[in-house]
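What follows is each chain in one-letter form.
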Amino acid sequence: MVNIPASLHLPRWRTLTLLAVLLAPLLLPLHYMAERYYREQLAEQNRQTLDLYVANLLGTLGRYEVLPDMLGDMPALRASLADPADPASQAAANQLLERIRQRSGADVIYLMRADGYSQAASNWQQADSFIGQDFSFRPYFQEAMQDRPGRFFGLGTTSRKRGYYFAAPVRDGQEIIGVVVVKVDLDEPEKLWGNTPEQLLVTDSFGVVILTSNDEWRFRASQPISAAQQAVIARNLPYPPGSLKPLTISGKEWLIQERTLDTIGWTARILAPRELLERQVRTVLYVGGASLLALLLLLAVMTLRRRHYLERIALDARAKRDLELNVQERTQDLQTLNQRLQQEVHEREQAQRELMRAQDEVVQAGKLSALGTMSASISHELNQPLAAIRSYAENAATLLDHNRIDDARGNLKLIGELTTRMANIISHLKAYARGARRAPESVVLQDALEDALSLLAARRRGMNVELIRDVPDAPLWVQAGETRLRQIINNLLTNALDALIEKGPPRRLWLIASQDEKGVTLILRDNGPGFSAEALARAHEPFFTTKATTQGLGLGLAICDTLLRALGGHLHLSNHHEGGAEVRLHLQRGKPGVAPVPQEEMRG
Ligand code: ADP
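Worth saying up front: this structure is predicted, and the values here are computed from it rather than measured.

A.B. asks: What is the right way to look at the pattern of salt bridges in this model?
C.D. replies: It is possible for side chains of opposite charge to pair when their charged atoms get near one another. Per the stated rule, a full pass over the model turns up 30 salt bridges. Here D107 ties to K183 by a salt bridge, and the two come within 3.9 Å at their closest N and O atoms. Placement of D107 in the loop between α6 (87–104) and β1 (108–113) and of K183 in strand β5 (residues 175–185) is noted, with a sequence separation of 76 residues between them. As far as the burial class goes, D107 and K183 line up, both buried. When the shortest N-O distance is used, the salt bridge between R459 and D498 registers 2.7 Å. Here R459, found in helix α12 (residues 445–463), pairs with D498, found in helix α13 (residues 482–501); they are 39 residues apart in sequence, far enough to count as distant. Residue R459 is classed as partly exposed on the basis of its relative accessible area of 29%. Connected through salt bridges with shared partners, the residues R162, D187, E190, D215 and R218 form a single ionic network.

A.B. asks: For this particular structure, what's the right way to read the site of the ligand?
C.D. replies: Around the ligand, 17 residues are found, and the nearest of them are T545, T546, K547, L553 and G554. A distance of 2.9 Å separates an oxygen atom of the ligand from a polar atom in the side chain of N495. Interatomic distance of 2.4 Å between a side-chain N/O atom of K547 and an oxygen atom of the ligand. Protein chains shield 92% of the accessible area of the ligand, which is 530 Å² for the free molecule. Looking at the shell around the ligand, the elements with two or more residues in it are α13 and α15 (556–566). With three residues, the single largest contributor to the shell around the ligand is α13. Among the residues making up the shell around the ligand, the classes are represented as eight nonpolar, seven polar and two charged.

Cut-off values and rules
- Along each chain, numbering runs from 1 in the same order as the chain's sequence is written.
- With pLDDT at 70 or above as the cut-off, local features in this predicted model cover only qualifying residues; side-chain atom pairs require 80 or more to be listed or tallied, and sums for whole chains, interfaces and linings still use all residues.
- Only heavy atoms go into the side-chain values, all of them from the structure, while hydrogens and water stay out.
- The term salt bridge refers to a side-chain nitrogen of Lys or Arg lying within 4 Å of a carboxyl oxygen of Asp or Glu.
- Put simply, DSSP H or I for four residues or longer makes a helix, DSSP E for two residues or longer makes a strand, and each gets a number counted from the N terminus.
- Working definition: with a 1.4 Å probe on protein chains only, accessible area under 20% of the residue-type maximum means buried, over 50% means exposed, and in between means partly exposed.
- For this purpose, a residue is taken to be near a molecule or strand whenever a single non-hydrogen atom of the residue falls within 4 Å of it.
- Nitrogen and oxygen atoms within 3.5 Å of one another constitute a polar contact, given that in protein one can donate a hydrogen and the other can accept it, and given that sequence-neighbouring residues count only through two side-chain atoms.
- All accessible areas in this document rest on Shrake-Rupley with a 1.4 Å probe, and a residue is counted as covered only by the protein chains that are shown.
- Basically, the charged four are Asp, Glu, Lys and Arg, the nonpolar ten are Ala, Val, Leu, Ile, Met, Phe, Trp, Tyr, Cys and Pro, and anything else, Gly included, counts as polar.

Here you go:
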């Protein structure tokens, strides 16, 4: 068994979660770096925007800065101030101011007398013309009257429009006789800002919001205003009434960059919503987190694959080990089986040897017994006629002593018959012993059959036996010996005729011959009593006979059987279902040819 490491079975997710927790702090530096990067980028961008805006604002204002000085030198204006009551010079001044306003793009240009009232104005034709209005409270007037450049931001008292005021004195020699004022519209620079997420905030020296992209913030105080400052404001009225609500811009919400406009004491700020920055940082964090997650998932997949791989290796190893064990077991089994087989073979061989020995013994015993039986039978068969011969001979001698010549001759005749019988027995035994040794030859069955029939023809006719033949005309070549085959058929025909003696007519004898690829068959059937059960079982045995001792020797079928076996054929005994014996003779087919003169004949 291969042990799979316990860690392989543990759920990987726990490890991965732990890894995720451990890796999560990596997002902090990412957050820091992303924030820094985007903040710098935003700051740079906003700085440029702010610079551009400030440059634009200062440029706008700068365009008008010198205009009052130049106007102060104009004789037409001076003339109007010199004679304020003269309508012609006032009209001339009005038209001049209007013309210059049109050319310069200023909001309003007007001329003030030394008492602070407006003498002439570019908007002289309008209903809300400045002419005749008292602006002496405005600081730019006072500054100009003191021969200083007048600068002021404020809401127009008539127009309610924001403006930046440039003022310069108008002199008659050394004496300041009036002030010329150029008001620049500040609504335009504010509109320039456009609709962006970044907000603009321009505060004046009091910290009050004068220009902004956010309407809510306008004219609100971004820092506390002191009492002195409030007094100045109350005197100069730069803002609409009800203004100066405190405004707190939280650094948490906004990223603030500022530029100080030293020349006019203003501060311009650009406010970028932190959300803008945070959104980008968040995106980076999401991407970072997603990458981390993807990394973890990749790791998980790889770990999973590795685990599967290891498991497969372990399984393979286990399967291999199992297989090896199996093979070992099988080999062991096979070895055991082999040993057992060897042992069995050994035992079989031993048993075989013992069997053969036993068989030999049996055969030996059988031989001895057969020899015993045979010698007993032979001696019985021969002793009987011998005894008879002896008795007839003694008797003949006695008869001769009594001169009974004819009776003695009769005895001698009987002795002659007995010797014939004894010679017969001996010739049978010789044939039996000789026949088994001959090699088979190719002979024609019909010839042997005819020979045997002709030998017994007289007897058959005497018994009135009907012969029924079913034998083909074409020669049936069989492996046999001429004499032996004739002897066999002769024996069988003799037995049939013997059997038919016991039966009354009609007596019939069938002879049927046929051949197939296995060989040639000759059937001898009679309608006699048939074989008895004992005869069927024992007729092959030598000296088995049911006939009277004088008739039968019990050697006929035994000899036939032995001869046939030697020829490669066999004998089959049975009873026909219609009654009578049926003897089947099976012979091997012989090669067709001219039947040679049998050697055994010549030898015989
Ligand atoms: P034997 O003819 O000298 O008796 P066989 O060996 O030829 O010896 O025959 C043995 C026995 O088989 C015979 O005694 C007889 O009982 C039986 N037998 C043989 N042929 C026939 C036959 N055609 N019909 C009936 N019985 C037969």
